[in-house]
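Results of the structural survey
If you want the building blocks of each chain, they are given just below.
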Amino acid sequence: MWGVVKVPFHPDESTYIFMSADFENIVTNPLAMIWEAENPLTDIFRYRLIDAPLTRYLLGIGRALTGLPAPAVDWDWSASWEANQSSGALPVARMLLIERLTVASLFPICLLLLYLIGLKLDGRLMGIFSILLLSLHPLILLHTRRAMAEGVLMFGVILTLYAFTKAGKHAFLVGLAVAVAINAKHSAILLLPIGIIAVCWLPNSSTRKFSRILINLTGYLLGFILLTALLNPVIWRDPFASAQEALIQRQILLNRQLADIKRISPAHVLETPAERAAISLAQLFIAPPIFSEVGNYRLQTAQAEVEYLSIPGNNFWRNSLSAGITLGLTLLGIIAAFRISSTGNFNQRRILILFMLSFLVMLMSIILMIPLAWQRYSVPLIPFVSIFAGLGLVWGIKNSRRIFSHGRLSSRLSQILAQFAPDSWMP
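Keep in mind it's a predicted model, so treat the numbers as computed, not measured.

1. Quick look at the overall build of the protein
Helix and strand counts for the protein stand at 20 helices and 0 strands. Seen along its three principal axes, the alpha-carbon backbone of the protein occupies a region of about 70 × 55 × 45 Å. Buried residues in the protein amount to 52% of all 427 residues. Carbon and sulfur atoms make up 67% of the accessible area of the protein, which totals about 20,000 Å².

Listed below in structure tokens is the structure:
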């Protein structure tokens, strides 16, 4: 929260703040936000169709609480920095601070939910390791402290994972959680089928199992559909036609981005799944924070980038040694998850399998569907890395304790672990 003011500006922040006027629109006149095919498609309606709405509503709430009006002008990427500043597209310092703090306010909730997930999986030490791994991650510190969708998306993903731990009895809430993630950013859409698995996967010993599955599935879909419909007046008139138009506009945008990037920086266009997989791993484990996708305004942000990286912690643990350790712990955690899944109790087994499935489908969506090497696309994967690396670290400690089974070191280590670990861990 303290460091948000030092984060270098990204022009997309201007667009999100500009579109935060939709908060006032949905409160006062949501019918004016409905898309109609016969009307000309303005930039505002194009944003409503292709971008998830939750971030702009959250930013609107931040403005409303502080009495700030929405900007009247959107950022123009074809114009110079000075021209955008003169037109009013560059947010003033107070506006930018308020909106960033609004997004960053979700971060403590993310840490709490992540701790509760770790507590559920393997005790307090697991919870502590998970939140440390997430909260010290340089990509998290950069990309979730801007007035953009990544912070809200991370909240939605972690909320969904927490809801999965309660899926057997709270299907409606799972539907709401998945809706939060997808309405933070549409790339989370692949969590929808995982949610269906979560609420329908009941113990074999369940009484009236088929009827419970139907009830859970109904509650899940009801929660998802209600919240999604409430947040998206743009689809109220014709959900299917508006969805089709959204896909068309998204493809047009992607084609334009690809053409621009191929012309400006062709190395950032990834042609094959193997290239995308390699870049995804590099972004997760070793790449330093990347402040922008294109260099239009690099000259104007260069000094802010240098100052940001000079702050201790903002580029922490991003080298080949740390990459090997974190990747090793993550793989160890996945191995531990497989082992626990084959021997643990039903709830623990179901949670871990759901987490692994969620991680796999989100990783595969990036590898198969996103041809751009943009770092912020990897942000929703970082909570999974934090969970699995935390699990790997705890599992490694548990299985290495026999090495220190004698002497003072063992005694002192046991005393320290006993403060956090369940009694079943200790000899």
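2. So, the confidence of the model for the protein
Residues shown with low pLDDT carry predicted positions that ought not to be read at fine detail. Averaged over all residues, the pLDDT of the protein is 91; the fraction at 70 or higher stands at 93%. Low pLDDT (under 50) marks residues 403–407, which in the prediction has 4 contacts with non-local residues, meaning those over four places away or in another chain.

3. Overview of the environment of K209
Topologically, K209 is positioned in helix 13 (residues 209–231). Taking C-alpha positions, K209 is 39 Å from L49, a pair spaced 160 residues apart along the chain. Apart from residues no more than four positions distant in its own chain, K209 is found in contact with L202, P203 and N204. A polar atom in the side chain of K209 sits 3.2 Å from the side chain of N204.

4. Observations regarding the packing of helix 4 (residues 54–66) against helix 6 (residues 93–104)
The geometry of helix 4 relative to helix 6 is characterised by a closest axis approach of 9 Å and an angle of 125° between their N-to-C directions. With respect to their mutual orientation, helix 4 and helix 6 come out oblique. Crossing handedness for the pair helix 4 and helix 6: right-handed. Of the residues in helix 6, those in contact with L58, L59, G62, R63 and T66 of helix 4 are R94, M95, I98, E99, T102 and V103. Here the contact of helix 4 with helix 6 is built from residues that sort into 5 nonpolar, 3 polar and 3 charged.

5. Quick look at the packing of helix 7 (residues 107–122) against helix 10 (residues 149–164)
One way to put it is that helix 7 packs onto helix 10 with a least axis distance of 9 Å and a crossing angle of 25°. Relative to helix 10, the element helix 7 is oriented roughly parallel. The handedness of the crossing between helix 7 and helix 10 is left-handed. Between helix 7, through F107, I109, C110, L113, L114, L116 and I117, and helix 10, the contact on the second element is made entirely by M154, F155, I158, L159, L161 and Y162. Partitioning the contact of helix 7 with helix 10 into residue classes produces 13 nonpolar, no polar and no charged.

So, how was this worked out
- Residues numbered from 1 in each chain as written.
- Predicted model: local features only at pLDDT ≥ 70, side-chain atom pairs only at ≥ 80, totals over all residues.
- Heavy atoms only, no water.
- Helix = DSSP H or I, 4+ residues; strand = E, 2+ residues; numbered from the N terminus.
- Buried < 20%, exposed > 50% of the residue type's maximum accessible area, 1.4 Å probe, protein only.
- Areas by Shrake-Rupley, 256 points an atom, 1.4 Å probe, with all protein chains shown as cover.
- pLDDT = per-residue confidence, 0-100.
- Contact = heavy atoms within 4.5 Å.
- Polar contact = N/O pair within 3.5 Å; in protein donor to acceptor, adjacent residues only side chain to side chain.
- Axes fitted to C-alpha atoms, helices over the stretch in contact; angles between N-to-C directions.
- Parallel < 35°, antiparallel > 145°, perpendicular 65-115°, else oblique.
- Left-handed = near helix turned anticlockwise from the far one by under 90°.
- Nonpolar A, V, L, I, M, F, W, Y, C, P; charged D, E, K, R; others polar.

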